[in-house]
Amino acid sequence: SFVTSVGERLSTIWVHDARGEREITSQGYAFQPAFSVDDKHLYYLQRARDNRRFVSGELWSVVLDTGKRERLLPDFLMEHYSVAPDGNHVTFVSVDDAGHSSVWIATLDGSVAPRRLSSLDSVRARFGTGNDVFFVGGETTTSMFLYRVKEDGSGLQKMSPNRVLFLYDVSPDGKWASVWELDNNTLALYSTESDARTILCRCATAGEENRGVTPPLVSWSGDGKYLFLHRTVSRETFAVQLPPGRVIP
């Protein structure tokens, strides 16, 4: 005979607004929350029971005023997603049965069938301006770079000369991308219009065992007024106010 214990790790999402703080999810493992452009919906991933990968799940939407929930794109398990500025498109990284992770684009209302944008194995994808999609991808996990592709799958363009492991965010004006370079754990900002590159620190990470719930180390507010910096050691996030017209302090 033997004695054992079985547990399940939970992750819940909360919202803080003028009404105070309230719990949005109460069961299972929810992560990667994101507000809609009009702040009326909250999107998030919910880990599925039949999923063997730690950081992936189904895309859900909840109406913040009523609490009504809806599962979106039920045929896909996602490792990451990004809602477009137009509020109706979503790009995401989905893992197939063979273990390959590709970048897709779809409409949230289901009016257009999901379409794969690239066959490269990918990690994260985010919208720029005009529904252009930025993602980190490559033939292998040790030879990945930052790419840009149009919403119809055309115009695939490599944006980084150095190997990139992770994409944190794209600035609201689409002119800068914050990434984790593979060499020396470099946290850098890449210009999407030139060869300009700015190093912030040698401190890049995806969150280790807290990957999926750790905020991006560098990200921007939707209105472009703040740059958010997350410090993983103390789990603190700092908001840096930006001068008008600038995305870097």
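Just above sits the structure.
Structural notes, computed from the coordinates. (Residues numbered from 1 in each chain as written. Predicted model: local features only at pLDDT ≥ 70, side-chain atom pairs only at ≥ 80, totals over all residues. Heavy atoms only, no water.)

**Digging into the packing of aromatic side chains**
In step 1: Enumeration according to the criterion identifies eight aromatic pairs in this entry.
In step 2: A connected cluster of aromatic rings, assembled from ring pairs, spans Phe-76, Phe-92 and Trp-104.
In step 3: Here Lys-158 stacks its cationic end above the ring of Phe-145, 4.2 Å away from the centre of that ring. (Phe/Tyr/Trp six-rings, centres within 6.5 Å; stacked < 30°, edge-to-face > 60°. Lys NZ or Arg CZ within 6 Å of the ring centre and 35° of its normal.)

**Some words on the sheet that holds strand E19 (residues 218-220)**
In step 1: Across the sheet, which stays open at both edges, the three strands sit in the order E19-E20-E21 with antiparallel pairing between neighbours. In this open sheet, the two strands that pair with only one neighbour each are E19 and strand E21 (236-241). Averaged over all pairs of adjacent strands, the angle between their axes in this sheet comes to 25°, without regard to strand direction.
In step 2: As defined by bridge partners, strand E20 (residues 226-231) adjoins E21 across six bridges and the pair is classed as antiparallel. The partner of Arg-231 across the bridge, within E21, is Glu-236. (Pairing = 2+ DSSP bridges. Helix = DSSP H or I, 4+ residues; strand = E, 2+ residues; numbered from the N terminus. Axes fitted to C-alpha atoms, helices over the stretch in contact; angles between N-to-C directions.)

**What about the nonpolar core?**
In step 1: Counting 28 residues, the largest nonpolar core has Leu-146, Leu-167, Tyr-168, Val-179 and Trp-220 as the members making the most contacts within it.
In step 2: At the level of secondary structure, the elements contributing two or more residues to this core comprise strand E12 (133-138), strand E13 (144-149), strand E15 (164-170), strand E16 (176-181), strand E17 (186-191) and E19.
In step 3: Element by element, the count of residues in this core is highest for E15, at five residues.
In step 4: Among residues more than four places away in sequence, those in contact with Val-179 are Leu-146, Val-164, Phe-166, Leu-167, Tyr-168, Thr-186, Leu-187, Ala-188 and Tyr-190.
In step 5: Ranked by size, the runner-up nonpolar core spans 15 residues in total, among them Val-55, Phe-76, Phe-92 and Ala-106. (Core = buried A, V, L, I, M, F, W, Y, C linked by side-chain atoms within 4.5 Å. Buried < 20%, exposed > 50% of the residue type's maximum accessible area, 1.4 Å probe, protein only. Contact = heavy atoms within 4.5 Å.)

**Comments concerning the sheet that holds strand E6 (residues 69-72)**
In step 1: In spatial order, the strands read E3-E4-E5-E6; together these four strands make up an open sheet with antiparallel pairing. The open sheet has two edge strands with one neighbour each: strand E3 (30-35) and E6. The sheet shows a mean angle of 25° between the axes of neighbouring strands, taken without regard to direction.
In step 2: In this sheet, strand E4 (residues 41-46) lies alongside E3 in antiparallel orientation, the contact comprising four bridges. Of the residues in E4, the one forming a bridge with Ala-30 is Gln-46.

**Observations concerning the pattern of salt bridges**
In step 1: By the definition in use, this model includes six salt bridges.
In step 2: Arg-22 is the partner of Asp-17 in a salt bridge, and the nearest nitrogen-oxygen pair spans 2.7 Å.
In step 3: The class of Arg-22 is buried, set by a relative accessible area of 18%.
In step 4: Where Arg-148 meets Asp-132, a salt bridge forms, and the shortest distance between an N and an O atom there is 3.4 Å. With a gap of 16 residues between them, Arg-148 in strand E13 and Asp-132 in the loop between strand E11 (121-127) and E12 connect regions that are remote in the sequence.
In step 5: Of the residues examined, Arg-148 reaches a relative accessible area of 19% and is grouped as buried. (Salt bridge = Lys/Arg side-chain N within 4 Å of Asp/Glu carboxyl O.)

**A look at the state of the cysteines**
In step 1: Scanning the model with the defined rule gives one disulfide in all.
In step 2: In this model Cys-201 forms its disulfide with Cys-203; the gap between the sulfur atoms is 1.8 Å. Measuring the twist about the S-S bond at about -45°, one finds the Cys-201-Cys-203 disulfide to be left-handed.
In step 3: For Cys-203, a relative accessible area of 40% gives the class partly exposed. (Disulfide = S-S within 2.5 Å.)

By themselves, these figures tell us nothing about what the structure is for.
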